[in-house]
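Fold and geometry: a report
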Amino acid sequence: MEMEKVYNPQAIEGDLYREWEESGAFTAHRVEGKKPFTIVMPPPNITGQLHMGHAMDCTLQDALIRYHRMKGDPTLWLPGTDHAAIATEVKIVEAMAKEGLTKESLGREKFLERAWQWKKDYGGRIVHQQRRMGVSCDWSRERFTMDEGCSKAVRETFCRLYEKGLMYRGARMVNWCPCCQTSISDAEVEYKEQDSHFWHLLYPVKETGEMLELATTRPETMLGDTAVAINAEDPRYAHLHGCHVLLPLIDKEIPIVCDEHADMTKGTGVVKITPAHDPNDFEVGQRHNLPLVRVFTDDGHMTGAADKAENDELFASGKAAVGEPTVLDCGKYAGMTTLEARKAIVSDLEALGLVKKIEPLKHEVGTCYRCHTTIEPMVSKQWFVDMKPVTIPAIEAVKSGKTKFVPERFTKNYMNWMENIRDWCVSRQLWWGHRIPVWYCDDCGEMMVLREDPTCCTKCGSTHIHQDEDVLDTWFSSALWPFSTLGWPDQTEDLKYFYPTDVLVTGYDIITFWVSRMITTGVEEMGETPFHTVLIHGLVRDALGRKMSKSLGNGVDPLEIIDQYGADALRTSLVMGVSPGNDMRFSTDKVESARNFANKIWNASRFVLMNLGDTAEPMEGKTFSAADKWILTRLDDTIREVTAHFEDYDLGLAAQKIYDFAWNEFCDWYIELSKVTMNGEDQDARRATCAVLRHVLISLLKLLHPFMPFITDAVYRYIPDTEGTIMLSSWPVQDAALVFPEAAREMEGVMDVIRAVRNLRAEMNVAVGKRAHLMVRPKEGWTHAMAGAEEYLKRMAWVSEMKLLGDGEAAEGKTVSAVSEAAELFIPLGDLVDIDKEIARLTKERDSVARDIQRAEGKLGNQGFLAKAPAQLVEQEKEKLAVNRDKLAKLDARIDDLKNM
RNA sequence: GGGGUCGUAGCUCAGCUGGUCAGAGCGCCACGUUGACAUCGUGGAGGUCGUAGGUUCGAGCCCUAUCGACCCCACCA
């Protein structure tokens, strides 16, 4: 089959991927006695579609996976998707709203049916998109965080934590989203600066009648105040210890308490305490045994009589325990939103003259990371994980180096989070997620935490039982991902063989959410950290450096890019030259240049294949040309460098090296040089070069395959005597028999001469097509190399005829000249040469060489340098000096000659 | 308040444990239809590596300070 002149990715990608997948090439196999290489894919949310972040994420993973597969490791890349509890539920509710439906109107069961349908639709879509990227993961092992196995793992973990006393239920302060109507974890709160005010309020002291001034940013919470705090050391208020204030508007008597939370240096030193609606106040409340009074409903309105009645009933029935908040009937404010209540309360207080002043203030307000609604801190009954005990071994795992972050600096992020860990609120008031495996007996009040669904109360046998309404935080199941996906809690063969996995690839933005929790649960449940390396990458930003987001509308759809430029080009543009952990800007310019690179590879391959015909010339028994030896040596260097970069996870540099080798050395130099032999008469030499062209091309394609899987495999199949797919071929290794340092050095010298001639011609404005005579006077030791360079010079530097001059032999006629490392060059240009101009040009070069000499002499004249610098470096410097001195002498002589003409 | 990142050619960025590191891509200028490739080739211009000190024989690369852009965590009655 003939190769097209221009590489067309659309023509091959789809078929190639299908073939890979159907052939089972992605499937992992356990090979006893061989150490596997395993990556568990961070599961994308089923909410949306693939974005550039995913594209980068899976490109990095796929590159690592393909590299290891070619190295011969039993390789597993396990894919999957995440149910993304709150994110998905929000989407589904939005979609339902368009049909005029609500969760409540639908009911839990019907809602979940919809959710599963959603999963089917969108989960499938994202997986299709990943395939377009060329990911070589083992689809036969694909998992979902809510599939049977993962759910079992979740339940097991919950029960174990409970049994160890690390999972508890308690009334605690949570971040409440009135819009999503659920609690969210601290990590899910986004702080945003907002314009607001400081309201300075006056509370009358009952005993003394004086007015206590205090400031608040949330006056609407005042009805829930159950104390006012002052600092015990504060002399201003020493006389108020043990006194009370009358809470304005409702004339409720509340105590003045002394607490360290009241900071004498801030404001008036007086703080109102609303234990039910502020985290700090909650703490104060605990210390002073203050009642908790709720004034907000779950959906962000002021509580009223009905709410109070409902709450009272709970207490009466004994279902609400001591320590839970009571509810206030806010009277005229009942039913208002918190913002409406703020206005109303402030204006009523103003009417009473109880607002001393209002000052403007910018402050950070917590918002929900999903819907961006302002978070209301609220006391509510939730399930928490006691994190401190499980965190200690997880910190140790990183400290001891069992898990390393790449780049290392992200270790600090991890440590900072872990060392200041707080209890993790894991219950969510949602329907989509893993239901909390806890049942309550309606008759005896027994609480049951169970691995299997019960039919009756385990204590009293009553069948009047109900399950906890809440589900678990989505990160709870994510935390188990590295082993739940391998079959845990069952001791499966996969689990035994592939756990612990090797590398986790993810963005720095979820180190706290996810990475820390995987390490924690991995160490806790499996006794072993889930991966030895965490490879952190940055965010993909838009061309202007902004985060890609829906609201900005600056997101780029990876699929559109693939349609236009091909998956290989997209992948390459996302990794090449990108340094680990740093954000990158995405631009179509980059994709375009990657696309051009693909085309370059395609055409270089075409050239090779046109010359090979149908024969696969072997490397054995050949006599290689100087150029052959040079490219083989350079290939060896490149294999070493690229492999080293893969081992260091520095994929950006690995890709860059391959690019440079392919384009600058293989295409620009070797292919051009090879034309000399390919068009020559010497059949042996021709066969040798054919062998080298084929060998280097194959090696290059292999090195490139992890980044550009499609084009490399497509081309590989055209090459005579290759079998199967390149993805299952072997990674190139260095071969001492194919390294020729001396020959390579000579070739570099010749290349330098070629550059010098091109340079001369360009400066003299000699048209490329116009051939020129060349006289070459080799320097000492270069005669042999230069004598063999004639054909190269003819082809590469448009020389018509080359004449070798002996040592000291003068060039005839008017010439322009140059001095390179290997030789002096003269090109006769007849009367075209302006002698003064030529002198000026040479003088400029001479001065530059003189500067180099000066620098080298300075260095070598420095005792410190001679004494402390490595000997090799000193030697190198001396050589360089000698070469330059020679060059300077030649230039001076030449300038003299010209002046005498 | 604690921690971190970035500031290198017009633009986007690479530069490994300090010693050919002053680089690449894009852009720009000049020339070019040499049968792999114009998604190309050849040549060229452009930077005292934010600023000021310091360590060192030697510093984009280490230290200190400073300016500028940004991120994370904690907190702000």
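Assigned secondary structure in chain A consists of 28 helices and 31 strands. Against the 2.2 N^0.38 benchmark of 29 Å for 901 residues, chain A shows a C-alpha radius of gyration of 37 Å, more extended than a compact globule. The principal-axis extents of the C-alpha atoms in chain A amount to approximately 115 × 65 × 55 Å. Out of the 901 residues belonging to chain A, those deemed buried represent 54%. For chain A, the accessible surface area stands at approximately 39,900 Å², while carbon and sulfur atoms represent 50% of it.

The environment of RNA strand B is formed by 54 residues, the closest being Ala215, Thr216, Val271, Asn280 and Lys868. At the protein interface, 59% of the atoms of RNA strand B within 4 Å belong to sugar or phosphate. The separation between a phosphate oxygen of RNA strand B and a polar side-chain atom of Lys412 is 3.0 Å. Between Glu672 and RNA strand B, the recorded distance is 3.2 Å, taken from a side-chain N or O atom to a base nitrogen.

Counted residue by residue, strand β28 (residues 772-778) has six buried out of seven residues, so it is predominantly covered. Taken together, the four bridges between β28 and strand β31 (residues 823-828) define a ladder with antiparallel strand orientation. The residue of β31 that forms the bridge with Pro778 is Ala823.

The peptide bond linking Val406 to Pro407 adopts the cis configuration, its omega dihedral lying at -5°. Within the element layout of this structure, Pro407 appears in the loop between β17 (404-406) and α11 (410-419). Put simply, Tyr499 and Pro500 share a cis peptide bond, and its omega is -5°. Position of Pro500 among the secondary structure elements: in the loop between α14 (493-498) and β24 (501-507). A positive phi angle, near 45°, is found at Asp251, a position not held by glycine. Topologically, Asp251 is positioned in the loop between β10 (244-247) and β11 (252-258).

Taken in spatial order, the four strands of this open sheet run β29-β28-β31-β30, and their pairing is mixed. Of all the strands in the sheet, just β29 (799-804) and β30 (815-819) have a single pairing partner and so form its edges. Neighbour-to-neighbour, the strand axes of the sheet open up by a mean angle of 25°, direction not taken into account. On top of the sheet, helix α23 (residues 741-763) reaches β28, β29, β30 and β31; it is set at about 30° to β31, its chief contact.

Tallied over the entire structure, the rule returns 57 salt bridges. With its nearest N and O atoms 3.2 Å apart, the salt bridge here joins Glu253 to Lys206. Taken together, the residues span a long stretch of sequence, with Glu253 in strand β11 and Lys206 in the loop between β7 (189-204) and β8 (211-216) at a distance of 47 residues. Taking relative accessible area as the criterion, Glu253 reaches 41% and is therefore assigned partly exposed. Residue classification places Lys206 among the partly exposed residues on the basis of a relative accessible area of 41%. The residue Asp542 makes a salt bridge to Arg546 at a minimum N-O spacing of 2.8 Å. Exposure remark for Asp542: the relative accessible area of 6% places this residue in the buried category. Looking at Arg546, the relative accessible area reads 36%, which means it is partly exposed. What you see here is one network of salt bridges that share partners, running through Glu156, Arg160, Glu163, Arg451 and Glu525.

In contact at an axis separation of 9 Å, helix α2 (residues 52-71) and helix α17 (residues 567-575) are set at 95° when each is read in the N-to-C sense. Judged by the inter-axis angle, α2 sits roughly perpendicular to α17. Touching Met52, Ala55, Met56, Thr59, Leu60, Asp62, Ala63 and Arg66 of α2 are Leu570, Arg571, Leu574 and Val575, all from α17. A per-class count over the contact of α2 with α17 returns eight nonpolar, one polar and three charged.

Here we come to the pairing of β24. Burial within β24 is extensive, with seven of its seven residues counted as buried. Two elements, β24 and strand β25 (residues 531-537), share six bridges in a ladder whose sense is parallel. By the bridge assignment, Thr501 is partnered in β25 with Phe531. Chirality of the crossover, the property in question, places the unit of β24, helix α15 (residues 511-526) and β25 among those that are right-handed.

Between its terminal C-alpha atoms helix α10 (residues 387-399) stretches 18 Å, which fits the 18 Å expected from 13 residues at 1.5 Å a residue. Gly401 occupies a position one or two residues after α10 and carries a positive phi of about 85°.

This paragraph deals with the packing of aromatic side chains. Summed over all chains, the structure comprises 29 aromatic pairs. Pairing Phe597 with Tyr659 gives two aromatic rings, centres 4.5 Å apart and planes at 40°, and the pair type is tilted. Of the two residues, Phe597 sits in helix α18 (residues 588-612) while Tyr659 sits in helix α20 (residues 651-678), which places them 62 residues apart along the sequence. Under the relative-accessibility criterion, Phe597 is labelled buried at 1%. On the accessibility criterion, Tyr659 (19% relative accessible area) is buried. For the pair Phe624 and Phe740, a centre-to-centre distance of 6.1 Å together with 65° between the ring planes defines the contact as edge-to-face. Of this pair, Phe624 sits in the loop between α18 and α19 (626-647) while Phe740 is found in the loop between α22 (709-718) and α23, placing the two residues 116 residues apart along the sequence. The exposure class assigned to Phe624 is buried, which follows from its relative accessible area of 12%. Here the aromatic residues Tyr17, Trp20, Phe26 and Phe710 are joined through ring pairs into a cluster of three or more. Positioned above the aromatic ring of Trp424 is the side chain of Arg517, whose terminal nitrogen or guanidinium carbon lies 3.9 Å from the ring centre.

Let us look at the sheet that holds strand β21 (residues 447-449). Spatial ordering of the open sheet is given by β21-β20-β22, a layout of three strands whose pairing is antiparallel. Strand pairing shows two members of the sheet lacking a second neighbour, β21 and β22 (465-467), which therefore form its edges. Here the strands of the sheet are splayed against their neighbours by 25° on average, with no regard to which way each runs. Taken together, the three bridges between strand β20 (residues 438-441) and β21 define a ladder with antiparallel strand orientation. Residue pairing for β21: Val438 is matched across the bridge by Val449. Here helix α6 (residues 148-163) sits on the sheet and contacts β20 and β21; the angle it forms with β21, its principal contact strand, is near 125°.

Thresholds, definitions, all that
- Residues numbered from 1 in each chain as written.
- Chains lettered and ligands numbered in written order.
- Predicted model: local features only at pLDDT ≥ 70, side-chain atom pairs only at ≥ 80, totals over all residues.
- Heavy atoms only, no water.
- Helix = DSSP H or I, 4+ residues; strand = E, 2+ residues; numbered from the N terminus.
- Rg over C-alpha atoms; globule rule 2.2 N^0.38 Å.
- Buried < 20%, exposed > 50% of the residue type's maximum accessible area, 1.4 Å probe, protein only.
- Areas by Shrake-Rupley, 256 points an atom, 1.4 Å probe, with all protein chains shown as cover.
- Near = heavy atom within 4 Å.
- Polar contact = N/O pair within 3.5 Å; in protein donor to acceptor, adjacent residues only side chain to side chain.
- Pairing = 2+ DSSP bridges.
- Axes fitted to C-alpha atoms, helices over the stretch in contact; angles between N-to-C directions.
- Contact = heavy atoms within 4.5 Å.
- Salt bridge = Lys/Arg side-chain N within 4 Å of Asp/Glu carboxyl O.
- Parallel < 35°, antiparallel > 145°, perpendicular 65-115°, else oblique.
- Nonpolar A, V, L, I, M, F, W, Y, C, P; charged D, E, K, R; others polar.
- Right-handed = clockwise from strand over helix to strand, strands pointing away.
- Expected span 1.5 Å × (residues − 1).
- Phe/Tyr/Trp six-rings, centres within 6.5 Å; stacked < 30°, edge-to-face > 60°.
- Lys NZ or Arg CZ within 6 Å of the ring centre and 35° of its normal.

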